[in-house]
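Commentary on secondary and tertiary structure
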Amino acid sequence: MVLQNDQKKWRIRECIAGQLTSLAEIYSLQTVFSYLIPITFKFCSDPVSIVRTEAAKQIGNLIKKFNSSEEGKLVYLPAIIENIKGFASFTKFTQR
């Protein structure tokens, strides 16, 4: 992701991270899972802490979207939860 390579563009990344829940409302579960969830987790690993914080705030709302349908619970939610569990194994506290 080009934005993540440029440290000067952290404000743009923070703004995008803050809008992930709003974007998820207008797209299908499959689209959110394929595109927005990977962006969210990428932002959760961002070198700038405010971007990580903003992205982490969005995860709960994104989980609610998947939890609101049977398809989301069965197909997508288990993979998202496994991704979240992966953060527990990072050695740096800033990544957990």
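Observations concerning the packing of helix α4 (residues 29-44) against helix α5 (residues 49-67)
- Axis separation between α4 and α5 bottoms out at 8 Å; the angle between their running directions is 155°. By the angle between their directions, the pair α4 and α5 is classed as roughly antiparallel. Judged by the sense of rotation from one axis to the other, the crossing of α4 with α5 is left-handed. Facing Leu 29, Val 32, Phe 33, Ile 37, Thr 40, Phe 41, Phe 43 and Cys 44 of α4, the residues of α5 in contact are Val 51, Arg 52, Ala 55, Ala 56, Ile 59, Leu 62, Lys 65 and Phe 66.
- Taken together, the residues of the contact of α4 with α5 break down into 13 nonpolar, 1 polar and 2 charged.

Examining α4
- Along α4, the sharpest change in direction is near 35° and occurs at Leu 36; proline Pro 38 comes one to four residues later.
- Taken together, the buried positions of α4 are occupied by Leu 29, Val 32, Leu 36, Ile 37, Thr 40, Phe 41, Phe 43 and Cys 44.
- For α4, the secondary structure elements touched by its buried residues are α2 (10-18), α3 (20-26), α5 and α6 (70-86).

Criteria and thresholds
- In this numbering scheme, every chain counts its residues from 1 along its sequence in written order.
- Local features are withheld for residues below a pLDDT of 70 in this predicted model, meaning they are given only at 70 or higher, and side-chain atom pairs are given and counted only at 80 or more; totals for whole chains, interfaces and linings count all residues.
- The basis for every side-chain value is the complete set of heavy atoms in the structure, and neither hydrogens nor water enter the calculation.
- Angles here are taken between N-to-C directions and fall from 0 to 180 degrees, while the axes themselves are lines fitted to C-alpha atoms, restricted in helices to the stretch in contact.
- Starting at the N terminus, helices and strands are each numbered in turn, a helix being any DSSP run of H or I of at least four residues and a strand any DSSP run of E of at least two.
- For classification purposes, angles smaller than 35 degrees are called roughly parallel, those larger than 145 roughly antiparallel, those between 65 and 115 roughly perpendicular, and all remaining angles oblique.
- It is the rotation of the near helix from the far one that decides the hand of a crossing: anticlockwise by less than a right angle makes it left-handed, clockwise makes it right-handed.
- Here a residue-residue contact requires only that any non-hydrogen atoms of the pair lie within 4.5 Å.
- By the convention adopted, Pro, Cys, Tyr, Trp, Phe, Met, Ile, Leu, Val and Ala count as nonpolar, Lys, Arg, Asp and Glu as charged, and the other residues, Gly among them, as polar.
- Consider a residue and the seven residues that end there alongside the seven that start there; fitting an axis to each set, the bend is the angle between those axes.
- The cut-offs for exposure are 20% and 50% of the maximum accessible area for each residue type, with area from a 1.4 Å probe on protein chains only; residues under the lower value are buried, those over the upper are exposed, and the others partly exposed.

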